[in-house]
Each structure stands twice: as C-alpha cells, then as structure tokens.
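# Fold and contact review
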Amino acid sequence: MKRCVSCGREVKQNYVEFKCPSCGKTEVVRCTSCRVLGTKYTCAECSFTGP
Ligand SMILES: [Zn+2]
Ligand SMILES: [Zn+2]
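As a starting point, this report considers the structure included with it. Small disclaimer: the values here were computed from a predicted structure and weren't measured. (Residues numbered from 1 in each chain as written. Chains lettered and ligands numbered in written order. Predicted model: local features only at pLDDT ≥ 70, side-chain atom pairs only at ≥ 80, totals over all residues. Heavy atoms only, no water.)

### Topic: the coordination of the zinc ion (ligand 1)
Around the zinc ion (ligand 1), the protein contributes the donor atoms Cys4 (SG), Cys7 (SG), Cys31 (SG) and Cys34 (SG), at 2.2 to 2.3 Å from the metal centre. In this structure, the zinc ion (ligand 1) is surrounded by 4 donor atoms whose angles at the metal cover 102 to 115°, and the resulting shape is tetrahedral. For the zinc ion (ligand 1), the single-chain donor residues occur in sequence as C-x2-C-x23-C-x2-C. Within this pair, whereas Cys7 is found in the loop between strand 1 (2-3) and strand 2 (10-11), its partner Cys31 is found in strand 4 (residues 27-31), the two being separated by 24 residues in sequence. (Donors = N, O, S within 2.8 Å, 3.2 Å for Na, K, Ca; no water. Tetrahedral: all angles 85-135°; square planar, octahedral: opposite > 155°, others 65-115°. Helix = DSSP H or I, 4+ residues; strand = E, 2+ residues; numbered from the N terminus.)

And the structure:
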C-alpha cells in the first residue's frame, strides 16, 4: 500500500512516484490531484520540501 505524502490518502493507480531530488533515498509518492494542485511534499529523510 502506498500513500500520497502530501495528503496522506491511499493511492492505487493515479499517482506518481519518484526519488527525493535532494537526498535520493526516499521514494516520494504523490496522487494525481496533489500533483495537479502543486501541493507541497516533505521528504521523511532529509526534510526537503518541494512542489
Ligand atoms: Zn495527495
Ligand atoms: Zn530527501
């Protein structure tokens, strides 16, 4: 099960997943609505915040 790091909702199909651009350790998961809205996310590893 994956959760959107921005809104905390469970995601199944409509999401994007990428490595943290700062530390490269954490897989950042964002649902499509948060991506479209540009909701901020925070890396659990290095506290990097990005759109
Ligand atoms: Zn979301
Ligand atoms: Zn990071």
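### Points about the coordination of the zinc ion (ligand 2)
Looking at the zinc ion (ligand 2), one finds its protein donor set to be Cys20 (SG), Cys23 (SG), Cys43 (SG) and Cys46 (SG), positioned 2.2 to 2.3 Å from the metal centre. In this structure, the zinc ion (ligand 2) is coordinated by 4 donor atoms arranged in tetrahedral fashion, with angles at the metal of 106 to 114°. For the zinc ion (ligand 2), the donor residues sit on a single chain with the sequence spacing C-x2-C-x19-C-x2-C. In this structure Cys46 comes out as partly exposed when scored by relative accessible area, which is 32%. (Buried < 20%, exposed > 50% of the residue type's maximum accessible area, 1.4 Å probe, protein only.)

### Some details on the nonpolar core
Counting 5 residues, the largest nonpolar core is built from Cys4, Val11, Val29, Cys31 and Cys34. Dropping the residues within four chain positions of it, Cys31 is found in contact with Cys4, Cys7, Val11, Asn14 and Tyr15. (Core = buried A, V, L, I, M, F, W, Y, C linked by side-chain atoms within 4.5 Å. Contact = heavy atoms within 4.5 Å.)

### Focus: the pairing of strand 4
Buried residues dominate strand 4, accounting for 4 of its 5 residues. In this sheet, strand 4 lies alongside strand 3 (residues 15-19) in antiparallel orientation, the contact comprising 5 bridges. By the bridge assignment for strand 4, Tyr15 is matched with Cys31. (Pairing = 2+ DSSP bridges.)

### Brief notes about the pattern of salt bridges
Close approach of charged atoms allows side chains of opposite charge to pair. Scanning the model with the defined rule gives 2 salt bridges in all. In this structure, Lys2 and Glu17 form a salt bridge, with 3.1 Å as the shortest nitrogen-oxygen distance. Pair noted here: Lys2 is in strand 1 and Glu17 is in strand 3, with a separation of 15 residues, a long-range link. Across the pair Lys19 and Glu27 runs a salt bridge, and its minimum N-O distance is 2.5 Å. Residue class for Lys19 comes out partly exposed when judged on its relative accessible area of 46%. (Salt bridge = Lys/Arg side-chain N within 4 Å of Asp/Glu carboxyl O.)

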